[in-house]
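# Survey of secondary and tertiary structure
In case you want the letters, here they are:
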Amino acid sequence: MKTETPELAGLLAREQAIRRETEILRDANIALTQNLSLERVLETLLDFLAQLVPYDSANVMLRSGDSQFVVSALRRYEGFQNVETTRSIAFDSTNPLLHRICTTQQSLVVPDTRKEPEWQFVTGADHVRNWMGVPLVSSGAVIGLYSVDKVEPNFFQPEHARLAETLAARAASAIQNAQLFEQSQRYVAELEEIIVERERAEVALRESEERYRQLFENAKDAIYVHDLKGTYLKVNRAAEELSGYMRDEIVGHNFEEFIAPEHVNFVRKRFCAKLAQQGETSYEVDVIAKDGRRVPVEVSSRAIYDNGQLVGVQGMARDITERKLAQDALQMFSRQLIEAQEEERRRIARELHDQIGQILTAVKMNLHTVRQFSHGSEAAHYVKDNIEAVDEALRLVRDLSIDLRPPVLDDLGLDTALRWYVDRYTQRTGLSVDVVSELPDRNERFSRDVETACFRIAQEALTNVIRHASASQVVVQLMKSANTLTLIVKDNGVGFDLKSLRMRSPRAATLGLISMQERAHAAGGTLEIESRRTKGTRIRFIVPL
Ligand SMILES: Nc1ncnc2c1ncn2[C@@H]1O[C@H](COP(=O)(O)OP(=O)(O)O)[C@@H](O)[C@H]1O
Ligand SMILES: [Mg+2]
């Protein structure tokens, strides 16, 4: 049995202790560098700390922001039921003991908490009598601290503090690495989210582009985009069908190449107007198809902007051949109806005048003969009555006949017929009318359609004046230019609001105005009705010759 001197035994024990500590620290080092999860790192720390310093309870607080320390891992606090809430306990660095550790960057031992005036009691940690705080310093800054507790006072010795500090030096950088790693993980996750979000947006954009493309491509109407010079950039299938040109025969070409030559100027003007103003414009033009066919289209288009900068025009052209045909048919039908009506009137007027008028004239002559024979007799009185009655009938028949179709219109022309009508009108109504004729040749004849339309429109307009206007002045004006004839009937009467009249009245209540319009169209002309309350009315009929 070998005997050892007490000094030697002490030395040996000391050497063993140091070896053990060195091994623990070495293992701690390995364990700490093996893991990058902060939670694992803190748990590992508390494990190794327990091997170096026999604590009753301990926790690691990490700095959060400038002034707070948050309990981030803990061991053996029986008093704390709910681990989660304990983990989130935070201490302000104004806590005098924490503050001291932070500023000195040295560990601090409170031998007996009950005797330490600056000790702040925390419920759940009432068991703590002896306390040691060890700062975790990395890159010259306190990033956190160990809080190590003992139930008995005066337990921790400088030796414990030294061991805890040695571990702390290694722990601090491991913690910082784990924090950095965690932060970078968060960044990566955020970045991934951004990427996923962007991909989602791109998919949505692609989908909506695809929807637009489908809509563009499959639309029944031709759709086009052209630049500020009018050069087509994009057209759809319907545009190919409408024009008969292939897409590459349209794209890169100017719109003027596809439009009826006589419409080009008009479209150019529309184009300039559109660039000057926002919103949609629509108009009708003829497109000349590849095979030379004229295709009437209704165009609606709007300017397009890129970042507020005007870049071109997008438009839609609808083939209105069918609609035009229907309109033409309707107009022809209306013209035929008007013609038939005039013809019928002419026939009845002639019949009244020629047949009935002659019969009545014959009756009248017979009555005159009878009167000679019945002179002085009782019958003479009745014969006289009959002659008067027949005279009245003759006059009515003549008036009726003239009203139905004044022969003067057929025989002497428009100017004379209008003057004749106005004379009769003044006689009947007492309202005097100025006829201002600016025809170079008063006897000039126009087509029967034009003359009839003018006469009937004037007739309806003058009838309206006497019926509705309460006017004191009426003017009928006839003017001729190189290729148009214009009739104006205007009065200074009460006027009316055409828009509200059209809105609130049934069609039947404006038949006179409608028939004027129809006559105007049937003759190939246009009718403008201009009227304002108390400002009188002006009817203007313009017809090409
Ligand atoms: N010269 C006018 N002055 C004032 N009101 C008019 C004039 N012409 C037409 N109107 C108004 O327009 C309405 C429609 O006219 P119209 O279609 O000719 O129908 P009608 O003469 O049978 O009432 C009239 O009822 C009247 O209110
Ligand atoms: Mg009328």
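For every chain, the first residue of the written sequence is number 1, and numbering continues from 1 onward in sequence order. Chain A is the first chain written and ligand 1 is the first ligand written, with later ones labelled in order. pLDDT decides what is reported in this predicted model: residues at 70 or higher carry local features, side-chain atom pairs at 80 or more are listed and counted, and totals for whole chains, interfaces and linings draw on all residues regardless.

Further remarks concern the overall build of the protein. Strands here mean DSSP runs of E at least two residues long; helices mean DSSP runs of H or I at least four residues long; both are numbered from the N terminus. Within the protein, the regular secondary structure consists of 15 helices and 16 strands. Relative to the compact-globule value of 24 Å for 545 residues, the protein shows a C-alpha radius of gyration of 55 Å, a clear excess of over 25%. Dimensions along the principal axes, computed over C-alpha positions, put the protein at roughly 195 × 60 × 35 Å. Three exposure classes are used, based on other C-beta atoms lying within 10 Å of a residue's own C-beta, which is placed from the backbone: buried for 20 or more, exposed for 12 or fewer, and partly exposed in between. Within the span of the protein, comprising 545 residues, buried residues form 24% of the whole. We compute the radius of gyration from the C-alpha atoms alone; for a globule the expected value is 2.2 Å times N to the 0.38, where N is the number of residues.

Closest axis-to-axis distance for the helix α9 (residues 321-373)/helix α10 (residues 379-404) pair is 9 Å, and the angle between their directions is 165°. The angle between α9 and α10 falls in the class roughly antiparallel. The chirality of how α9 crosses α10 is left-handed. A per-class count over the contact of α9 with α10 returns 17 nonpolar, six polar and six charged. The convention used is that axes are lines fitted to C-alpha atoms, helices contributing only their stretch in contact, and that angles between N-to-C directions extend from 0 to 180 degrees. Oblique is the label for any angle not under 35 degrees, not over 145, and not in the 65 to 115 range, which are roughly parallel, roughly antiparallel and roughly perpendicular in turn. The handedness criterion is simple: a crossing whose near helix is rotated anticlockwise from the far helix by less than a right angle is left-handed, and one whose near helix is rotated clockwise is right-handed. Here the term charged refers only to Asp, Glu, Lys and Arg, the term nonpolar to Ala, Val, Leu, Ile, Met, Phe, Trp, Tyr, Cys and Pro, and the term polar to all other amino acids, Gly among them.

The bulk of non-glycine residues show a negative phi, and the bulk of peptide bonds are trans. For N154, which is not glycine, the phi dihedral falls at a positive 60°. Structurally, N154 is set in the loop between β6 (141-150) and α5 (158-218). On the neighbour-count criterion, N154 (11 C-beta atoms within 10 Å) is exposed. Despite not being glycine, N307 has its phi angle at roughly 55°, a positive value.

Where α9 contacts helix α15 (residues 511-522), the axes come no closer than 9 Å and their chain directions differ by 105°. Considered as vectors, α9 and α15 are oriented roughly perpendicular to each other. Mapping the contact onto sequence places Q331, S334, R335 and I338 in α9 and E518, R519, H521 and A522 in α15. Taken together, the residues of the contact of α9 with α15 break down into two nonpolar, three polar and three charged. Two residues qualify as being in contact provided that their C-beta atoms, derived from the backbone, are within 7 Å of each other.

What follows is about the environment of V313. Considering the arrangement of structural elements, one finds V313 in strand β11 (residues 309-319). Along the sequence, V313 and L275 sit 38 residues apart, while their C-alpha atoms lie 8.4 Å from each other. Ignoring any residue separated from it by four or fewer positions in sequence, one finds V313 in contact with H226, K274, S301, A303 and I304.

Where a strand is regular, its side chains alternate between the two sheet faces. DSSP-based pairing: two strands are paired if at least 2 bridges between them are found. When strand β9 (residues 281-288) meets strand β10 (residues 294-306), the two strands line up antiparallel, connected through eight bridges. Of the residues in β10, the one forming a bridge with T281 is S301. A loop of five residues connects β9 with β10, the two strands running antiparallel in sequence, and G292 in this loop sits at a positive phi of about 90°.

This paragraph deals with the site of ligand 1. What makes a residue near a molecule or strand is its C-beta atom, placed from the backbone, lying within 6 Å of it. Near ligand 1, the surroundings consist of 16 residues, among which N464, H468, A469, G512 and L513 are the closest. Broken down by secondary-structure element, the contributors of at least two residues to the shell around ligand 1 are α13 (448-469) and α15. A per-class count over the shell around ligand 1 returns seven nonpolar, seven polar and two charged.

We now examine the pairing of strand β8 (residues 232-235). The pairing of strand β7 (residues 222-227) with β8 spans three bridges and is classified as antiparallel. What sits directly across from V225, in β8, is K234. Taking the residues between adjacent antiparallel strands as the criterion, β7 and β8 are bridged by four residues, where G230 takes a positive phi near 95°.

By convention the nonpolar core is taken to be a set of buried residues drawn from Ala, Val, Leu, Ile, Met, Phe, Trp, Tyr and Cys and joined through C-beta atoms within 7 Å. In terms of nonpolar packing, the biggest core is built from 41 residues, with L49, Y146, A164 and A171 touching the most fellow members. Those elements giving two or more residues to this core turn out to be α1 (6-34), α2 (38-52), β1 (57-64), β2 (68-75), α4 (96-104), β5 (130-138), β6 and α5. The dominant element in this core, judged by the number of residues it contributes, is α5, at eight residues. The residues touching A171, leaving out its near neighbours within four places in the chain, are L32, L45 and L136. With 33 residues, the next largest nonpolar core counts Y421, V450, A453 and L487 among its residues.

Residue position: P158 is located in helix α5. Judged by local crowding, P158 falls into the exposed class, with 9 C-beta atoms found within 10 Å. Through-space distance from the C-alpha of P158 to that of V494 is 115 Å; in sequence the pair is 336 residues apart.

Our focus in this paragraph is the sheet that holds β7. As summarised here, the arrangement of the five strands in space is β8-β7-β11-β10-β9, forming an open sheet in which the pairing is antiparallel. One side of each edge strand has no neighbouring strand; the edge strands of this open sheet are β8 and β9. If you compare each strand with its neighbour and ignore which way they point, the axes differ by 30° on average. The pairing of β10 with β11 spans 10 bridges and is antiparallel. Its bridge partner being in β11, D306 is matched across the sheet by Q309. Relative to the sheet, helix α8 (residues 261-276) contacts β9, β10 and β11, its axis offset from that of β9 by approximately 150°.

We now examine the sheet that holds strand β4 (residues 108-110). Ordered in space as β3-β2-β1-β6-β5-β4, the six strands form an open sheet in which the pairing is antiparallel. For this open sheet the edge positions go to β3 (90-92) and β4, each flanked by a neighbour on one side alone. Between one strand axis and the next, the sheet turns by 25° as a mean value, whatever way the strands run. Where β1 and β2 come together, seven bridges link them in antiparallel fashion. Counted as the bridge partner of N59 is L74 from β2. Docked against the sheet, α5 engages β4, β5 and β6, running at close to 40° with respect to β5.

Next up on the list: helix α12 (residues 414-429). The end-to-end C-alpha separation of α12 is 22 Å, in line with the 22 Å expected for 16 residues at 1.5 Å each. Where α12 is buried, its residues meet α11 (407-412), β12 (433-437), α13 and β13 (474-480). A positive backbone phi angle near 80° is found at G430, which sits one or two residues after α12. For a helix, the expected span equals 1.5 Å multiplied by the number of residues minus one.

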